[in-house]
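# Results of the structural survey
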Amino acid sequence: SDNGFASRIIKCDENGNVLFDTPLDGVEGRALKYCFEVNECFYFFGTIETPETKIRGVSSPSDIYMVVLDSAGIVVNTQMIAGSDFDSLDAAEITENGFLLSISAQSNDGDFAGSQSNGYPEDWIFTVSYDLKITGKDMKTGRDYFDSRLGEKNGVPIYKSDSLLTGFDAGTPDVFIDYGDFYLIV
């Protein structure tokens, strides 16, 4: 809206009763694409138009947005991975010590200094701790944007590219559910 907007993170209990409703002013939905629950906190990752250069009605340069909510829905940390051009998050995965972010970045400054991108997308992998500090970054290809997470098998994420699905010939899998003695693939 020209008058501003807010995305909302709403947590409900098993009966649909609202436990918290947290508005995030000026944060578009794609900034909250990936969600993880760790240590009673909720971690969200995505792509956001750079607030400092955002022009209403125009697709503006973008950054990687990260936000943490506590168990009551209070924002406890917000960070960005940023440069001056169009940078977008392709995938986010949980790791033993934090998160692995696969990023496509056109920037060659800020957090992407040295990329020599010249305005063309370069692939990066960033590792981020639970307190959203960058613990590593490397200019290499991570998980593809289309290689989405389908579910879990024995607590391990299953992605579209998983070898378990090699030879699957009933279309493109969207969901994987492990029932113990059989799998449901939608």
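These numbers were taken from a predicted model, which means no experiment stands behind them. (Residues numbered from 1 in each chain as written. Predicted model: local features only at pLDDT ≥ 70, side-chain atom pairs only at ≥ 80, totals over all residues. Heavy atoms only, no water.)

### What to know about the overall build of the protein chain
Quick reminder of the rule: Here a strand is any run of E in DSSP of at least two residues, a helix any run of H or I of at least four, and the numbering for each starts at the N terminus. Partly exposed residues are those whose accessible area sits between 20% and 50% of the maximum for their type, while under 20% is buried and over 50% is exposed, using a 1.4 Å probe and protein chains only. Whether two residues are in contact is decided by their heavy atoms: any pair within 4.5 Å suffices. Surface exposure here means Shrake-Rupley accessible area, sampled with a 1.4 Å probe, where a residue is shielded only by the protein chains that are shown. In this tally, Asp and Glu contribute negative charge and Lys and Arg positive charge; neither His nor the terminal groups of the chain are included. By convention, charge coordinates are those of NZ in Lys, CZ in Arg, CG in Asp, or CD in Glu.
When helices and strands are counted, the protein chain shows zero helices and 14 strands. Taking the principal axes of the C-alpha coordinates as reference, the protein chain spans close to 50 × 40 × 30 Å. In the protein chain, which comprises 186 residues, the proportion classed as buried is 37%. Restricting the contact set of the protein chain to residue pairs at least 6 apart, pairs at least 24 apart contribute 36%. Carbon and sulfur atoms form 49% of the exposed surface of the protein chain, whose accessible area is close to 10600 Å². Placing the 13 positive and 31 negative side-chain charges of the protein chain at their respective mean positions leaves the two points 1 Å apart.

### Side note on the pattern of salt bridges
This is how the line gets drawn: Any Lys or Arg side-chain nitrogen located within 4 Å of an Asp or Glu carboxyl oxygen qualifies as a salt bridge.
Counted according to the given criterion, the structure contains six salt bridges. Residues K133 and D131 are paired through a salt bridge, measuring 3.8 Å at the closest nitrogen-oxygen approach. We classify K133 as exposed; its relative accessible area is 52%. Overall, the relative accessible area of 39% leaves D131 in the partly exposed class. A salt bridge links D147 to R143; its shortest N-O distance comes to 2.6 Å. What emerges from the salt-bridge pattern is a single network uniting E93, R143 and D147.

### Things to note about a nonpolar patch on the surface
Selection rule: Residues with no salt bridge and a relative accessible area higher than 30% make up the patches, which join like charges within 9 Å and nonpolar side chains (Val, Leu, Ile, Met, Phe, Trp, Tyr) within 5 Å.
The grouping of V175, I177, Y179, F182, L184 and V186 at the surface amounts to a nonpolar patch, some 500 Å² of accessible area in total. Following the sequence through the fold, I177 ends up in strand 13 (residues 176-178).

### Details of the packing of aromatic side chains
Note the threshold: Two aromatic rings, drawn from Phe, Tyr or Trp (for Trp, its six-membered ring), form a pair once their centres lie within 6.5 Å of each other, and the interplanar angle then sorts them: stacked below 30 degrees, edge-to-face above 60, tilted otherwise.
Under the definition given, this model contains 12 aromatic pairs. A ring pair is formed by F45 and F99, whose centres lie 4.8 Å apart and whose planes are at 55°; its orientation type is tilted. Here the residue F45 occupies a position in strand 4 (residues 41-49), and F99 occupies one in strand 8 (residues 98-105), the gap between them amounting to 54 residues. Considered together, F45 and F99 belong to a single accessibility category, that of buried residues. Taken together, F36, Y43, F45, F99 and Y130 form an aromatic cluster joined through their ring pairs.

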